[in-house]
Amino acid sequence: MITFTARKQLGSFQLDATFTAPPGGITAIFGRSGAGKTTIINLVAGILQPDQGRIAVGGTVFCDTAGGISLPPERRRVGFVFQDSRLFPHLSVDGNLRFGLTRAREASPRLAFDAVVRVLGVGHLLSRRPQSLSGGERQRVALGRALLAQPRILLMDEPLASLDGLRKADILPYIERLRDEFAIPIIYVSHALDEVIRLADSLVVVSDGRVAASGPLTEILSRLDLQPLLGRFEAGAVLDCRVASHDAHYRLSTLEFDGGRLRVPRVDRPAGEQVRVRLRARDISLALSEPVDVSITNRLAGTVTAVVDRDGIFVEVAVAIGGSSIRALVSREAYDRLGLEVGRPVWALIKTVALDNRSLGLLRTPRREDA
Amino acid sequence: MLTPVEWDALRLSLQVAASATLVSLPLAIGAAWVLARGRFWGRRLLDAVVHAPLVLPPVVVGYLLLLALGVRGPIGGWLDRTFGIRLVFTTAGAALAAGVMSFPLMVRAIRLSLDAVDGGLEWAARTLGATRLDVFFSVTLPLMLPGIVSGCIVAFASSLGEFGATITFASNIEGETRTLPLAIFSAIQSPDGDQVALRLVILSFVLAIGALALAEVSDARVRKMLGRG
Amino acid sequence: MTRRWLLAVGVFVLAASADARLEEPALTVFAASSLTPPLEQLAARARTVTGARVRFSFASSATLARQIDAGAGADIIMTADDTWMTYLADRRRLESGTRTAILGNRLVMVVPADQPIVVQLTPRFDLGRLIGRGRLAIGDPSHVPAGTYAREALMALGLWSTVEHALAPADSARAALALVERGETPAGIVYESDAALSSKVVVAGVFPDTSHRPIVYEAAIVRGRDTRAARAYLAFLRSTEARAVFTDHRFTVK
C-alpha cells in the first residue's frame, strides 16, 4: 500500500496531491506535461522533499514532515528508471547492472542477476559500454539495474518517452514481464494513454498539481467527467476479458467479459487467459434494435446510463452492458433523431476490425501473488 | 653523464613537483567541490584566496608564505614548537611553495570537469542505494578523472618551472631546495657558469618534453576508460 | 568617435615623451646592495653637486657585473669586491683610469636581537654549538663578495668544515641579514654596515682583519659613459661630506 500526501512549491508551480495506491501491480500516474507527475515520483524517491506531507510505502514511512522523518533516497530502497536511462558511462553494462546489487548487500538476493538478465534479454550486452547501445537496449539495462537493487517498489518516470513507436512496442512486453515474473509493485508515470491502458491496474490522474481522480483503471476510464483530462479522441472504455475460444477457420477469437462476448481478430493467447480490451468511443455505434442484416459482428445489449455533450456536435453516451460499462461517441443529430435518453435500452455495435492487436493488452496471469 | 650537482637538481625538481602535485590533489578536489557546489557566505572570498597565487607575483607569494610559515610566523612557529618541523631551507618547503603556486591551476581544471558531471547520474546512484560519500567515489570522481589528470599534469609542469616563490621561501640550498630553475639561476650568477647553465637548460628541456609525452598518454588512457574518443 | 580616441592617445604619447626630453640628465649607478643606505641618503646632495638625477640599482656585485657585461645601461659601478671590478676591467667594460677604492668594511657575525650573545671569533670558538641544528646565513660564496669574505674568514679560523654543510647561502649580504632578522637562522655573517642598519639583529662578534682579505669597495665609470656628471659623482663620493655619511653607516673610509 502506498499512501501519498504532499504539498510542494516549485517556482510558480504548486503541487498539492493526495492518493493511495494498492500494494501490488502497476499504478500509473497519468496527466499532461507539467501536471506534476514527475514531481510526485521524485517525492516518492526522495529526490525532492515536500514542504508538507507524508509518504509511506508498504508500511515504511519515507517521510513525514509533521514527525520530522525523512529517509534519504539510498535508504528507501526504491528502484528508479529514468526517462533518459542515466546509465553510468564509466561502467560496462555488467557494472551498471551490479551497481545496486552490490549495495543491497543481500546474501541471496530475491531478484537474482541471472534471472533479471534473462528476462530482460541483455545477456549479450554485458561487456558493452552504455554509449554503444541503442535507446531501447539502454532502457532495458536501466530496468535491470533498478530491479537488481532489490527494491521494494519500482518507480518509472516516462521510461518510453524517448523511444520511437517501434522501440516502445518492443519494450512494453519487458515491463509486463517485470510485473509478472518478479511480482514487484510499480509506479509508472506517463502522459501516453495507450501505455497506461496497456500496463496499469490502477490509475492516478494528475492535473495542474492536483489529483483529479484515482482508483482502478477500468473504473476511472469509464468516467465521463474525466474526458478533458484524458484526451478527446482517445476516449473510450476498457474491458477486462477472458479468452474463451479460438476460431481456426476464420482466424478469430472470442473473449468473454462481464456482460457478454466479443469477437476479435485472433489473439495469440491460450483459452482462459486474461486480456484487456480497449474500446474507443468513436468505434461504437448505437441502435434501437438489434440489426441482423449488417456486417458488424459484435452487437451488445445494454442501457444508457449517462450522456455528456461534446462540443455541441457530438455526445458521449455511457452504456451499461451487464456489469461493465462502455462509451459511444455519436452525433447530437443522431442522438436526438433516435430519441435516446438515460435509461433507454440500446444496442452497442462494434466492428471486429476496430478491435485490432493494438487495442489489446495483457493482464497478469492468474498465478500471480499479490504483494 | 650528469654531474652530482645536476643530478641533485634533477632529482629535487622531480621530487618537489611530484610531492607538490600529490599533496595538493586531495585539497584541490576538496576546494573544487566546495567552490562548485557549496552555498555559503564567504564562497567568493574563498574563490579569491584560491586564485590569489595565479595573479600575485611569485616572490610575493613566497614572502607571504615566509610570514606565515617562517620560524617566527604564526603557523611555522607552532609547527616548530610542537613538532620541531621547519619548512624554510627544506625540500618540503620547496614543495610547499611550488604546490601553492600551482594550486589554482589544479583547482580550475578539476572544477571544470566537476561541473560537467551530470547531476542526474548522481541521483540515479542514490536511488540505487549509494550514500552521498559512495556516490562521490563511485560515480562523481571517476567521471571527473579527465579534469583531475589534466590538473595534475598542469600542476606538475608548473612546479617544475617554479622559481620566485621557491627561492624566496625555501632559499637556494644545494641538495635541498636547488631545483633546476634555481640551479640555472645560480649557475648564471657565477663567473664561468655558462657551461653549467647550458647543460641544465638542456636537461630542463628534456624533462619538459617527457612531461608532455606523459600528458598525452594519460589523456588517451582516460578517454578510453570513459568510453569516449 | 574612433578619431577622437586616436587623437587623445597621440597627445598622451607626445606629452609623455616630451616630458622625457625635458628631463635633466640622469646618472645610473649600479652599486653593491650593502651600499644602499648611505648612497640613498646622499642622493639629494649628489643631485645638487652633479646636476644630474641619480638612479640606483642595488644588487650583489656579481649580478651587477654580469649585467654590465651584458650591456646594461649603467654609468657608474660600485662593487664590494675587487674580483668583480677586475672581471669588468678584463672585459674592457671600464673607462680606463677611473677605478678607485672608496670604502672599507668589517665582517661581523650577527644574531637575532632577541637572543643577544657575545662571542670571540677565534679558532677556539664553538660555532657548531651556536648553530645547533639550524644554518648559518652568509652570502653565496660562489659569487657574492660578502660570502667569499665569510668563507675566507671561516677557513682562516679553521671553522669552515664545521658549517660547510649547514649554510644558508643568500643572493646578497642583505638577503643574509634578512634571514637572521627573521630568525630563520640562529646566526649570519654580514658586513658591519649591514648589521648597523637593522634593529632586529645585534653584532655578536667581529672577525679579525687578519682572517680575510681587506674588504674594499671600488667605484668606476663604465666604458663609454664618461661624462662630467659621472666624474662629478665619483669626486663627490670622496668628499668630506660623503665620508661623514659613510662613517655614520659604519663603513671605513680610504
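Here is a short report on the structure shown in this document.

Analysis parameters
Residues numbered from 1 in each chain as written. Chains lettered and ligands numbered in written order. Predicted model: local features only at pLDDT ≥ 70, side-chain atom pairs only at ≥ 80, totals over all residues. Heavy atoms only, no water. Helix = DSSP H or I, 4+ residues; strand = E, 2+ residues; numbered from the N terminus. Buried < 20%, exposed > 50% of the residue type's maximum accessible area, 1.4 Å probe, protein only. Contact = heavy atoms within 4.5 Å. Pairing = 2+ DSSP bridges. Axes fitted to C-alpha atoms, helices over the stretch in contact; angles between N-to-C directions. Buried area = accessible area lost by both parts, 1.4 Å probe. Polar contact = N/O pair within 3.5 Å; in protein donor to acceptor, adjacent residues only side chain to side chain. Nonpolar A, V, L, I, M, F, W, Y, C, P; charged D, E, K, R; others polar. Parallel < 35°, antiparallel > 145°, perpendicular 65-115°, else oblique. Left-handed = near helix turned anticlockwise from the far one by under 90°. Core = buried A, V, L, I, M, F, W, Y, C linked by side-chain atoms within 4.5 Å.

## A short note on the environment of Phe56 of chain C
Residues and elements named next belong to chain C.
Item 1. As for its position among the elements, Phe56 is in strand 2 (residues 53–59).
Item 2. With a relative accessible area of 23%, Phe56 lands in the partly exposed category.
Item 3. Through-space distance from the C-alpha of Phe56 to that of Ile76 is 9.6 Å; in sequence the pair is 20 residues apart.
Item 4. Other than its neighbours up to four places away in sequence, Phe56 contacts Val29, Leu39, Glu40, Ala43 and Tyr233.

## Thoughts on the sheet that holds strand 3 (residues 76–79) of chain C
Residue and element names in this part refer to chain C.
Item 1. Strands sit in the order 2-1-3-10-4-11 across an open sheet of six strands; the sheet is mixed. Sheet topology places strand 2 and strand 11 (252–253) at the edges, where each strand pairs with a single neighbour.
Item 2. With four bridges joining them, strand 4 (residues 100–104) and strand 10 (residues 216–221) adopt antiparallel strand pairing. Across the sheet, Leu103 pairs through a bridge with Tyr217, a residue of strand 10.
Item 3. Here helix 3 (residues 61–69) sits on the sheet and contacts strand 1 (26–32), strand 2 and strand 3; the angle it forms with strand 1, its principal contact strand, is near 135°.
Item 4. Sheet strands in contact with helix 4 (residues 82–90) are strand 3 and strand 10, and its direction is about 25° off that of strand 10.

## Notes on the arrangement of the chains
Item 1. Counting contacts across all two pairs of chains found in contact, the highest total belongs to chains A and B.
Item 2. Taking C-alpha atoms as the reference, chain A and chain C come no closer than 46 Å and do not contact one another.

## Some words on the pairing of strand 19 (residues 324–331) of chain A
Residue and element names in this part refer to chain A.
Item 1. Burial analysis of strand 19 places six of its eight residues in the buried class, the great majority of the element.
Item 2. Looking at chain direction, strand 18 (residues 314–321) and strand 19 are connected through eight bridges and run antiparallel. Counterpart to Phe314 in the pairing with strand 19 is Ser331.
Item 3. Adjacent in sequence and paired antiparallel, strand 18 and strand 19 are bridged by two residues, among which Gly322 carries a positive phi angle near 60°.

## Side note on unusual backbone geometry
Item 1. Not every positive phi belongs to a glycine, and Gln150 of chain A is a case in point at roughly 55°.
Item 2. By the secondary structure assignment, Gln150 of chain A is in the loop between helix 5 (135–148) and strand 8 (153–157).
Item 3. Residue classification places Gln150 of chain A among the buried positions, given a relative accessible area of 4%.
Item 4. Despite not being glycine, Arg250 of chain C shows a phi value in the positive range, around 70°.

## What about the interface of chain B and chain A?
Item 1. With 21 residues of chain B in contact, the opposing surface of chain A contributes 21 residues.
Item 2. Of the roughly 1,800 Å² buried between chain B and chain A, counting both surfaces, carbon and sulfur atoms make up 65%.
Item 3. Taken as a group, Trp123, Thr127 and Leu128 of chain B account for 37% of the area that chain B buries against chain A, more than any other trio of residues on that side.
Item 4. Between the two partners, chain B and chain A, sit five residue pairs in polar contact (both at pLDDT 80 or more).
Item 5. For the side of chain B that touches chain A, the secondary-structure elements that each account for two or more residues are helix 6 (119–127), helix 7 (132–160) and helix 10 (194–225) of chain B.
Item 6. Of the residues forming the side of chain B that touches chain A, the biggest block, seven residues, is contributed by helix 6 of chain B.
Item 7. Taken together, the residues of the side of chain B that touches chain A sort by class into eleven nonpolar, six polar and four charged.

## Things to note about the packing of helix 3 (residues 93–104) of chain A against helix 5 of chain A
Residues and elements named next belong to chain A.
Item 1. Closest axis-to-axis distance for the helix 3/helix 5 pair is 6 Å, and the angle between their directions is 30°. For the element pair helix 3 / helix 5, the angle class is roughly parallel. By crossing handedness, the relation of helix 3 to helix 5 is classed as right-handed. Contacts between helix 3 and helix 5 involve Val93, Asn96, Leu97, Gly100 and Leu101 from the former and Val141, Gly144, Arg145 and Leu148 from the latter.
Item 2. By residue class, the composition of the contact of helix 3 with helix 5 is five nonpolar, three polar and one charged.

## Focus on the nonpolar core
Residue and element names in this part refer to chain C.
Item 1. Ranked by internal contacts, the top residues of the largest apolar core, which has 57 residues, are Met109, Leu127 and Leu136.
Item 2. In terms of residue count, the dominant contributor to this core is helix 10 (residues 228–237) (six residues).
Item 3. With sequence-adjacent residues up to four places away left out, Leu127 is seen in contact with Met109, Leu136, Leu154, Leu159 and Val163.

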